[in-house]
Every structure is written in C-alpha cells, then in structure tokens.
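# A look at the structure
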Amino acid sequence: MRKPKLYKKKPKKKTPMPRQRSGDYRIFVGAFPAGEKIEQIQQLREQFDWKTSQITPPHVTLAGTYWRTGKPSAANEGVLIEKLTSLAPYLKPLTLHLGGIYTFGQRVIYLGVQSTENMLAIRNSLLGVMGKDKHRKFRPHLTLTMRLKGAAFGEALAKLEQTEWTDGRFATPIHQLQLMQRGPNDPAWRTIHTIPLPSHVQLRDVQDDDLPIFFAQQQEPAGVQMAAFTAKDPTNRAAFDSHWAKIRADAGVILRTILYNDHVAGSIACHSWFGEPEITYWLGESFWGKGIATAALRQFLQQHPARPLYARVAQDNVGSLRVLQKCGFVITGEDSGFAHGRGTEIPEYILTLQDG
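Thresholds, definitions, all that
Residues numbered from 1 in each chain as written. Predicted model: local features only at pLDDT ≥ 70, side-chain atom pairs only at ≥ 80, totals over all residues. Heavy atoms only, no water. Patch = residues over 30% accessible without salt bridge, like charges linked within 9 Å, V, L, I, M, F, W, Y side chains within 5 Å. Areas by Shrake-Rupley, 256 points an atom, 1.4 Å probe, with all protein chains shown as cover. Salt bridge = Lys/Arg side-chain N within 4 Å of Asp/Glu carboxyl O. Lys, Arg positive; Asp, Glu negative; His and termini not counted. Charge placed at Lys NZ, Arg CZ, Asp CG, Glu CD. Helix = DSSP H or I, 4+ residues; strand = E, 2+ residues; numbered from the N terminus. Buried < 20%, exposed > 50% of the residue type's maximum accessible area, 1.4 Å probe, protein only. Pairing = 2+ DSSP bridges. Phe/Tyr/Trp six-rings, centres within 6.5 Å; stacked < 30°, edge-to-face > 60°. Lys NZ or Arg CZ within 6 Å of the ring centre and 35° of its normal.

Bringing a positive patch on the surface into the picture now. Taken together, the side chains of K92, R298, R322 and K326 present a region of like positive charge at the surface. One can find K326 in helix α10 (residues 318-326).

Here you go:
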C-alpha cells in the first residue's frame, strides 16, 4: 500500500499593488535646481517644447506622480504636509549631478541625472510617507521635451545632441524640495509646500564685505598656530588687500566664501600657483568643531570635479588632516618648509584626491 502524500498548501500568488491612474488632481515631490546653467536649460526647453516648459520649471521628480480625489487645494493635502514636515529634519542635503542627452522611446528627451545613494535614500523616505508611486524602475531625469512627434522629435534630438549638455557634466546643490499640485483646470503646476533640506553650509562668490571678516579671521592666534603656513604678517592690511586683489583678479583661481547660517565662516579656494591644482581653506575659530569645513569642502569638490587635486597640511594639524581625509584625500608624500605662523621650519603632508 502506498504511503499517502503529505498535503502541501500552495502559496498564494502575489498580486501587485494597483497603481492609481486617474483622479481629480495630481501631486509630486521634486527638486528644482537654480542658477545660470539652469536658466540656459530652460531656454532650450522653451525653444524645443514651449508648452512643457511653461507647465513646470526644470526639475527632477523624486516621488510621484500621484492621483488624488477631491478639491485641488493645499488644505486637502494637510495630512501629507504634516508628515513631510516631520520627515524634513531627517533628510540629508542633496546635490544633483546633471549631464547627457537621453530619450524615453520616441516620446521624451531628457537631461541625465546621476542616481546617488543620498538621492535614493531621500526617495525611499518620501515613499514611506506618500506610498508607492508610478515608477516601476526609478530613473531620475530632467525633462527637456515630451510633446514632440515624428520629424519634430528627431530634429530636436539631433540639435540637442550637438549642445554642450551631451558631454558636459555639472553639479548643483539643492536646499529644498517642493510638493507640487495640479488640478484639471490649472495651466501649470504650483508649489503647495516646501521641504527644507538641513544644509546650513553654503558656498558663494566672494564679496567686498567679506574681506574685513577674512582679515580678522587670519589674525586669530589659534588659527595662525594651527595653519602654520600663513601670511608673513597677518596684521598688515595693505599686504592683505594686495594679496586678495591679486587672487580675485586671477581667472585661474576658484574662490568661494563659506557661509554658515548666512554668516561668513571663512573661505575656500583652488589655485595652481606651484604648478598643480591645490586646495586651501580657512575657517574662523568660532566656527570650528561644527563639521563646517568638511561640508564646505565636499560642496566645493562636487561643484568643481576636475581631478587630481592636491593639498598640504602641517603634520600636527590633525583637524585639517581629518577634513581632507573625510573628503577622499590620501597622504601621498611629505615635505617641510618655513612656517611664518610658527617662526620655524616644520614638516607637512602632501595629499592627493584622484578620480573616483
């Protein structure tokens, strides 16, 4: 007699969650970059697909689009806005890396956007409070055209592939995200909520009003001692003014002011005075110990991707050495030189940042 077979319960087939395809209005959360290059991108959008360019500014969708029922108003998204407000402090600053002309079939032409670890972390956090969106596979992009057909699509693609955006790459920081909404009768998307990204450190061009602050910072005894390789006489204002006039007029020097909560915290620069591109920075003593130097250097490196880069630091300047190493620099050599800040010759490390 045969042994009876054990009954095995068949596993239930997993039914994919349905995606909503209609409703009274739509929402999404996006990153909206700004600046001169973005203005140039908008001009291209207006040239090739005017209607799309007017419906929404250049942006990268991070979560959406979602269909909603009810009246298209900010009040109708009150619960979601509360959730996003609670989420904001846990989101890290975001930098978009853009470049390259690509297409979705014969329908959409877009500017490529690098999918970074932080971007995916932000997206996953947004999906956690907003729910699953329409993207089966997330491919971040900045739409250039989406309403062209046939010959018009081909002509636009051919022209866009001849622009600097085909091979050029650039990075732009994002300081906030926007919750967008559009009803059936709205001519364009509108912002109904802003989600701040907690980046307190920013870089901008050096302004005349920054110089007195830099002059005071370079005289701080603790800073002079730590940096070691300083001006011969930090109190000489005429020499200071002459030096800064020279470097601000030098097209080969990339120079930025470091802001912390809108206060001038210091400066950062890249020069090639000794043959190789070298990073240098200075931070006022009251801004030490807050992670500002690391954040500023990371932003600077993202905005200026040329490699390799070099840096020099006194061997006992542990704080500055850690900042450089956190940002990918590695010790590749040693040297020594006379340090005006200490009145003697001291040893220093040479550090290098390579591609990748």
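Glancing now at the pairing of strand β7 (residues 176-182). Within β7, six of the seven residues are buried, which leaves the element mostly enclosed by the surrounding structure. Strand direction decides the pairing type here: strand β1 (residues 25-31) and β7, joined by six bridges, are antiparallel. Among the inter-strand pairings, F28 is bridged to a residue of β7, identified as M180. Bridge analysis of β7 against strand β8 (residues 190-196) gives six bridges, and the strand direction is antiparallel. Across the sheet, M180 pairs through a bridge with T191, a residue of β8.

Let us look at unusual backbone geometry. In this structure, the amide linkage connecting G64 to the following residue, T65, adopts the cis form with an omega of 5°. Position of T65 among the secondary structure elements: in strand β2 (residues 60-68). Cis geometry is found at the peptide bond from R307 to P308, where omega equals 0°. Tracing the sequence through the fold places P308 in the loop between α9 (292-303) and β13 (309-314). One non-glycine residue, A228, lies in positive phi territory at about 70°.

Turning next to the pattern of salt bridges. Taken as a whole, this structure holds ten salt bridges when the rule is applied. Of the charged contacts, one joins D205 and R256 as a salt bridge, the two residues approaching to 3.4 Å between their closest N and O atoms. Residue D205 is located in the loop between β9 (201-204) and α6 (211-217), and its partner R256 is located in strand β10 (residues 254-260); the two are separated by 51 residues in the primary sequence. When the shortest N-O distance is used, the salt bridge between R342 and D316 registers 2.7 Å. Here R342, found in the loop between β14 (330-339) and β15 (344-353), pairs with D316, found in the loop between β13 and α10; they are 26 residues apart in sequence, far enough to count as distant. Using a relative accessible area of 24% as the deciding quantity, one classes R342 as partly exposed. In the salt-bridge network here, residues are joined through shared partners; they are R312, D335 and E348.

For the structure shown, the criterion picks out nine aromatic pairs. Measuring from centroid to centroid gives 4.4 Å for F104 and Y110, while their planes differ by 25°, and the two rings are stacked. Among the aromatic residues, ring-to-ring pairing joins F214, F215, F240 and W244 into one connected group. For K37, the ring lying beneath its charged end belongs to F170, and the centroid distance is 5.6 Å. Residue placement shows R237 over the ring face of F215; its charged tip is 4.9 Å from the ring centre.

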